[in-house]
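Listed below are the residues making up each chain.
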Amino acid sequence: MSKHSILPIFLSGLLGLGLCGSPARAQEKNMTLAYIETGLKELNNTDKHVALQILAKELTKNVDTRLAVTPLNSMREMLDLANAGKLNYSLINSYFYLKNIEQLRPLITDEIWAAQRGQDLEEDYVLIVNNDTDYRDIRSLSGKRLSTYTDDLLMGFYLQQLIQREANTSPERFFKSIKDTRTLSQSVLDVFFKTSDSCIVPNHIVDLVVELNPAVKQGIKIVHHSGANFIMALILVFKNNPETEANAIRGNLQELPNSVAGQQILELFHIKTITQIPPESLNNMLSLYRQHQENQHKKTH
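Read on for a plain summary of the structure. Sequence order as written defines residue numbering, which begins from 1 separately in each chain. A pLDDT threshold of at least 70 governs which residues receive local features in this predicted model, and a stricter bar of 80 or more applies before side-chain atom pairs are shown or counted, although totals over entire chains, interfaces and linings include all residues. Water and hydrogen atoms play no part in the side-chain values, which are based on all heavy atoms of the structure.

1. Some details on empty space enclosed by the protein
A 1.4 Å probe that fits but cannot get out identifies a cavity on a 1 Å grid over protein atoms alone, an open set with protein on both sides within 12 Å along at least five of seven lines counts as a pocket, and a residue lines either if it has an atom within 4 Å of a point. Grid points are joined across faces, edges and corners, and a volume is the space filled by probe spheres set on the points. All told, the structure shown has two cavities of 30 Å³ or more when counted by the stated rule. Of the volumes computed, that of the largest cavity is approximately 200 Å³. The wall of the largest cavity is formed by 18 residues, among which L91, A115, I235, F269 and I271 lie closest to the centre. For the lining of the largest cavity, the per-class residue count stands at 17 nonpolar, no polar and one charged. When residue character is reported, Ala, Val, Leu, Ile, Met, Phe, Trp, Tyr, Cys and Pro are called nonpolar, Asp, Glu, Lys and Arg charged, and the others, Gly included, polar.

2. Things to note about the sheet that holds strand β7 (residues 177-180)
Paired strands are those between which DSSP finds at least two bridges. The secondary structure listing takes helices from DSSP runs of H or I that are at least 4 residues long and strands from runs of E that are at least 2 residues long, numbered from the N terminus. Within the open sheet, the five strands sit side by side as β7-β6-β8-β5-β9. Their pairing is mixed. Each edge of the open sheet carries a strand with a single partner, namely β7 and β9 (220-230). Each neighbouring strand pair of the sheet contributes to a mean axis angle of 20°, computed without reference to strand direction. Pairing of strand β6 (residues 145-148) with strand β8 (residues 198-202) involves two bridges; the strand directions are parallel. When the sheet's bridge partners are listed, S147 is paired in β8 with C199. Each axis is a line fitted through C-alpha atoms, taken for helices only over the stretch in contact, and angles between the N-to-C directions span 0 to 180 degrees.

3. Quick word on the environment of K272
You can see K272 is positioned in the loop between α12 (260-268) and β11 (273-277). On the basis of relative accessible area, K272 is assigned to the partly exposed category, the value being 47%. Sequence separation of K272 and D120 is 152 residues, and the distance between their C-alpha atoms is 9.6 Å. The contact criterion used throughout is that any non-hydrogen atoms of two residues lie within 4.5 Å. Apart from the residues within four sequence positions on either side, K272 is in contact with Q116, R117, G118, Q119 and L266. Type-normalised accessible area, obtained with a 1.4 Å probe on protein chains alone, sets the label of each residue: buried when under 20%, exposed when over 50%, and partly exposed for intermediate values.

4. Notes on the sheet that holds β11
If you trace the six strands from one edge of the open sheet to the other, you get β2-β1-β3-β10-β4-β11, paired in mixed fashion. Taken across any chain shown, the strands that pair with only one partner, and hence form the sheet edges, are β2 (65-72) and β11. Going across the sheet, the axis of each strand differs from the next one's by a mean of 20°, ignoring polarity. Pairing of strand β1 (residues 29-36) with strand β3 (residues 89-93), which is carried by three bridges, proceeds in the parallel orientation. Looking across to β3, one finds that L33 is bridged to Y89. Sheet strands in contact with helix α11 (residues 243-255) are β1, β2, β3, β4 (108-116), β10 (233-238) and β11, and its direction is about 20° off that of β4.

5. A few points about the environment of Q218
Turning to its location among the elements, Q218 is positioned in helix α10 (residues 216-219). Linking Q218 and N131, residues 87 residues apart in sequence, is a C-alpha distance of 7.8 Å.

Written out as structure tokens, the structure reads:
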């Protein structure tokens, strides 16, 4: 039985044990954890919502608080909730943080939690080609096929910036075709099996694929590194949180990677750990985003 087929059974079992979705008691306070579905495609929408309910239950296990999980369709919805004082926590793809930093800054605290997928917190995006590809520089990939996991919005932003810088055009115009793969690992395998000429993935995905299939290492080569500048997803903490509950949830977030339940929750999201970071840790990718926006502005004026 595959990991994906086991997942609904696992989630249903947790629900049956009462680890999520229990009704609020009269004395409980109500708080909200919102997430934007775009950019968090690792689980289908139903499993994602249930997994976040389990997370919310774990984070409030020692306080009389119900952390309601609310799916949103856009940052506009999230900002409206926050401005109305109805949002306490949010889980978002980091691209939305970069894109909306000016609107978010007055609403959030300096307490930011980062999701870590690989051995290192900050991810290095790598461009890969098959060993048989006639590669000279990035421009030599013009008219070639690319595989990429398009739901990784931050990586998509970097690809756009890279192609704009090196070839003065968009990825859509630069490549012959762009295939949206089901997983990051599939992008690497597409290059290995020559169904694509190139792909872009976080570096730790290459290590994972090679570990599972050592032959892949002999068939591909890395031709570009972004540098370790990117953090995939964030939990933001908003300013209207009651102090007692906020302190308890902070402690539970810190302990999450160390508990059995916490490790199971992280595995559902394909995350190794979650850690609190200072806002300055996001400066590298924020600087890259602002530089890209400036270049786009100059191009259109």
